[in-house]
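Chain by chain, the residues:
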Amino acid sequence: MAIGDTSITVVGNVVADPELRFTPQGLAVANFRVASTPRVRDKNSNGWVDGEALFLTCRIWRDAAENVAESLSKGMRVIVNGYLKQRSYQTKDGEQRTVYEVEVEEVGPSLKFAQAHVTRNVRQNGPGGGQAAPQNHSGGFGQAQPSTPRNDPWNSAPPAQGPADDEQPPF
């Protein structure tokens, strides 16, 4: 990230399965497109309708690119956070075009209409290098698994019991 980069967070649906490629140096890069469609109030019908969709190409690198290619698919609702980039090019007909893309820092599923089960990758060769060995610490968010070690920082205890419906919370 450079000083002055425009940070952006987009919630939308993946338009097509991510494309995973590798640079000549062996770095993984995944490209995917997200469509974000606002809901707007229609004064005539007094109801909600879809507004004009915003389509953005998203690019993510390295291990995260491989995770995206394995995890995301067409139609999934995602939350993408990154930096808006502008790129200009010339078409075969000589027309100048400008596109906006997102250099992705973080991406994950939206849990508004879905559930997710996370599988954590543990690095074999330390931070920043090597292949990841999948470690299944899944079971959803906030659920402890009996086979999960207690010293695992990703392990979370079951939710505490809250007050009964007729009791006041303790705060």
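Residues numbered from 1 in each chain as written. Predicted model: local features only at pLDDT ≥ 70, side-chain atom pairs only at ≥ 80, totals over all residues. Heavy atoms only, no water.

## Notes on the pattern of salt bridges
Opposite charge on two side chains permits pairing when their charged atoms draw close. Tallying each qualifying case throughout the model produces seven salt bridges. Residue D5 is joined to K85 by a salt bridge in which the shortest nitrogen-to-oxygen separation is 3.3 Å. Residue D5 is found in the segment before β1 (6-14), and its partner K85 is found in strand β7 (residues 77-90); the two are separated by 80 residues along the sequence. Judged by its relative accessible area of 25%, D5 is partly exposed. Overall, the relative accessible area of 31% leaves K85 in the partly exposed class. The closest approach of N and O atoms between D50 and R39, which form a salt bridge, is 2.8 Å. In this pair, D50 is assigned in strand β5 (residues 47-50) and R39 in strand β4 (residues 39-42), connecting sequence segments eleven residues apart. (Salt bridge = Lys/Arg side-chain N within 4 Å of Asp/Glu carboxyl O. Helix = DSSP H or I, 4+ residues; strand = E, 2+ residues; numbered from the N terminus. Buried < 20%, exposed > 50% of the residue type's maximum accessible area, 1.4 Å probe, protein only.)

## A closer look at the confidence of the model for the chain
Overall, the prediction assigns the chain a mean pLDDT of 80, with 70% of residues at 70 or greater. Least confident of the elements in the chain is strand β10 (residues 132-135), whose mean pLDDT is 48; most confident is strand β3 (residues 28-36), at 97. Low pLDDT (under 50) marks residues 135-153, which in the prediction has 32 contacts with non-local residues, meaning those over four places away or in another chain. Below pLDDT 50 for its whole length, residues 157-165 participates in seven contacts with residues either more than four positions away or in separate chains. (pLDDT = per-residue confidence, 0-100. Contact = heavy atoms within 4.5 Å.)

## Thoughts on unusual backbone geometry
In the Ramachandran plot, N46 falls in the positive-phi region, its phi being about 60° despite a non-glycine side chain. Along the chain, N46 falls in the loop between β4 and β5. The backbone phi angle of R62 is positive, close to 60°, even though this residue is not glycine. Along the chain, R62 turns up in helix α1 (residues 62-71).

## As for the environment of S73
Looking at where S73 falls in the secondary structure, it is placed in the loop between α1 and β7. The spacing of S73 and V14 is 59 residues in sequence and 6.7 Å in space, taken between C-alpha atoms. When near neighbours in sequence (up to four residues on either side) are disregarded, S73 contacts V14, D17 and P18.

## Things to note about the nonpolar core
What tends to happen in soluble globular proteins is that the nonpolar side chains get buried as a cluster. Judged by nonpolar contacts, the single largest core of 17 residues is most densely connected at F32, V34, C58, I60, V80, V102 and V104. Put simply, the parts of the chain that give this core at least two residues each are β1, β3, β6 (54-61), α1, β7 and β8 (96-109). With four residues, β3 is the single largest residue contributor to this core. Those residues within four positions of V80 in sequence are excluded, and the remaining contacts are I8, T9, V10, F32, V34, C58, V102, V104, E106 and V107. (Core = buried A, V, L, I, M, F, W, Y, C linked by side-chain atoms within 4.5 Å.)

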